[in-house]
Amino acid sequence: MKLGIVGLPNVGKSTLFNAITAAGADSANYPFCTIEPNIGVVEVPDKRLDFLTKMSNSERTVPAVIEFFDIAGLVKGASKGEGLGNKFLSHIREVEAIVHVVRCFEDENVIHVESSLDPKRDIEIIELELILADLEVMTRRLDKVSKMVKNDKSLQAEYELVKKIVEGLESEKQARHLTYTEEELKLLKTFNLLTAKPVLYVANVDENYFSDPSANKYVDIVRDHASIDNSEVMVICGKIEEELSQLDEDEKREFLAEMGLGESGLDQLIRISYRLLGLISFFTTGPMESRAWTIVKGTKAPQAAGKIHSDMERGFIRAEVTKYDDVVKCGSMLAAREKGLMRLEGKDYVMEDGDIVFFRFNV
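Residues numbered from 1 in each chain as written. Predicted model: local features only at pLDDT ≥ 70, side-chain atom pairs only at ≥ 80, totals over all residues. Heavy atoms only, no water.

Undergrad: Tell me about the environment of N204, residues and numbers included.
TA: With respect to the helices and strands, N204 occurs in strand 6 (residues 199–204). A relative accessible area of 6% places N204 in the buried class. Discounting chain neighbours no more than four positions away, the residues touching N204 are V11, G12, V101, V102, R103, C104, F105, I236, C237 and G238. Of the polar contacts made by the side chain of N204, one reaches the backbone nitrogen of G238; its length is 3.0 Å. (Helix = DSSP H or I, 4+ residues; strand = E, 2+ residues; numbered from the N terminus. Buried < 20%, exposed > 50% of the residue type's maximum accessible area, 1.4 Å probe, protein only. Contact = heavy atoms within 4.5 Å. Polar contact = N/O pair within 3.5 Å; in protein donor to acceptor, adjacent residues only side chain to side chain.)

Undergrad: Can you tell me about the sheet that holds strand 5 (residues 97–103), naming the residues and giving the values?
TA: Read from one edge of the open sheet, six strands run 2-4-1-5-6-7, paired in mixed fashion. The sheet terminates laterally at strand 2 (38–43) and strand 7 (232–236), the two strands that pair on one side only. The average angle at which neighbouring strand axes cross in this sheet is 25°, direction not considered. Here six bridges tie strand 2 to strand 4 (residues 65–70), and the two strands are oriented antiparallel to one another. What sits directly across from G40, in strand 4, is F68. Running at roughly 145° to strand 5, helix 4 (residues 119–148) makes contact with strand 5 and strand 6 of the sheet. This element, helix 10 (residues 265–277), spans strand 1 (2–6), strand 2, strand 4, strand 5, strand 6 and strand 7 of the sheet and lies at about 170° to strand 7. (Pairing = 2+ DSSP bridges. Axes fitted to C-alpha atoms, helices over the stretch in contact; angles between N-to-C directions.)

Undergrad: Please set out the pattern of salt bridges residue by residue, giving values where relevant.
TA: For the structure shown, the criterion picks out 25 salt bridges. When the shortest N-O distance is used, the salt bridge between E352 and K323 registers 2.8 Å. In this pair, E352 is assigned in the loop between strand 11 (343–345) and strand 12 (355–361) and K323 in strand 10 (residues 316–323), connecting sequence segments 29 residues apart. Look at E352 and you get partly exposed, because its relative accessible area is 41%. (Salt bridge = Lys/Arg side-chain N within 4 Å of Asp/Glu carboxyl O.)

Undergrad: I'd like a rundown of the packing of aromatic side chains, residues and numbers included.
TA: As enumerated under the stated definition, the model contains five aromatic pairs in all. Judged by centre distance (5.4 Å) and plane angle (90°), the rings of Y209 and F210 are edge-to-face. Here Y209 falls in the buried class, since its relative accessible area comes to 10%. Exposure remark for F210: the relative accessible area of 24% places this residue in the partly exposed category. Pairing F282 with F359 gives two aromatic rings, centres 6.0 Å apart and planes at 90°, and the pair type is edge-to-face. Placement of F282 in strand 8 (residues 279–285) and of F359 in strand 12 is noted, with a sequence separation of 77 residues between them. Of the two residues, F282 and F359, neither departs from the other in class, the shared state being buried. (Phe/Tyr/Trp six-rings, centres within 6.5 Å; stacked < 30°, edge-to-face > 60°.)

Undergrad: Got a sec to walk through the side chain of D46? Specific residues and values, please.
TA: Relative to the assigned elements, D46 resides in the loop between strand 2 and helix 2 (47–56). Within polar-contact distance, the side chain of D46 engages the side chain of R48 at 2.9 Å.

Undergrad: Give me the lowdown on the confidence of the model for the protein chain, citing residues and values where you can.
TA: As a general rule, the predicted coordinates of low-pLDDT regions are not to be interpreted in detail. Residues with a pLDDT of 70 or more make up 88% of the protein chain, whose mean pLDDT is 86. Below a pLDDT of 50 lies the segment residues 23–35, which in the model reaches 34 contacts outside its immediate sequence neighbourhood of four places, other chains included. (pLDDT = per-residue confidence, 0-100.)

Undergrad: A description of the pairing of strand 5 should follow, citing residues and the corresponding values.
TA: Counting buried positions along strand 5 yields seven of seven residues, so the element is predominantly enclosed. Every second residue of strand 5 is oriented toward a common face, with A97, V99, V101 and R103 on one face and I98, H100 and V102 on the other, all of them buried. In this structure, strand 1 lies alongside strand 5, joined through four bridges in parallel fashion. Looking at strand 5, one finds that V6 is bridged to H100. One ladder, built from six bridges, connects strand 5 with strand 6; its direction is parallel. In the strand pairing of strand 6, I98 is matched with V199.

This is the structure in structure tokens:
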């Protein structure tokens with residue numbers, strides 16, 4: 001899973017990136033501190049995998065991972081190249097979802113690129129630049145397809161879809177706000193549009209928020225905007241996350257308890273991102289290795305096997321599936337099997353979160 005962290009300059013993107021990846025990206029009080037996107041790989045914490053490793057006495061544990069791209073701050077005119085905007089926008093096209101960081105804290109020592117704090121304006125600046133960037137791409141595509149469709153009627157559906165998207169973008173509607181048929185959705189994915197990607201808004205607050213949330217009017221502004229398309233909002237304090245990143249696990253738990261927080265911002269971000277993209281995890285376990293595999297909800301067993309190796313999908317015979325909760329109750333895979341809790345599933349089986357699987361295949 002690849003997530004792109006975007007926002008105006010000086011909203012706390014690189015601070016957040018440093019905190020969740022401990023990657024040491026540059027973070028400074030001036031625009032365009034980040035030129036090339038910093039990329040950090042974060043392991044997805046999963047207590048289920050820890051249990052399986054211990055149960056199987058596995059030599060190694062391989063968690064699922066998320067790639068975070070810290071993309072340089074966008075400004076007005078980014079779609080036209082302002083602030084190296086075109087280069088920055090091209091990086092966003094590589095990600096599966098956008099994490100839009102919005103500044104919701106006042107600090108006269110941290111310069112605001114627009115000279116004042118206004119979350120709604122800041123969000124709309126970024127969104128307009130994404131719209132304009134997509135409009136440029138889709139206008140070129142419309143010109144090309146409109147000429148080709150005259151001699152190739154098989155392109156009619158693509159022409160109609162591109163035309164609809166261009167008209168929507170011209171009305172300043174993001175691609176994800178338009179309605180589509182199932183066939184159009186399949187084609188839409190191939191366009192890789194910025195405004196079609198799901199968005200998670202991150203309201204970056206100061207430390208005072210958690211003692212008195214009602215004193216921060218800016219978070220509600222972000223929530224009101226996100227409600228337009230039912231996008232999710234999470235509240236995070238980049239400075240707190242930075243402190244957490246330097247603590248060990250016991251210290252983290254103690255620190256979070258003192259702050260009255262149930263989980264770190266990273267754990268919350270991962271959990272919401274999985275839900276946003278409709279992802280689940282299944283597991284393989286044994287003496288050699290216990291591993292978590294990430295798949296899209298609704299994936300069938302052969303395709304899940306293909307995540308491990310293409311030969312396993314091609315020569316799929318069956319899946320031996322045991323539910324994680326059943327294994328925990330029984331204490332081991334063997335005990336669960338002896339109680340008849342291991343099921344044999346075929347090609348039509350839809351994988352579920354927490355499935356522990358052994359795939360049979362023959363190539």
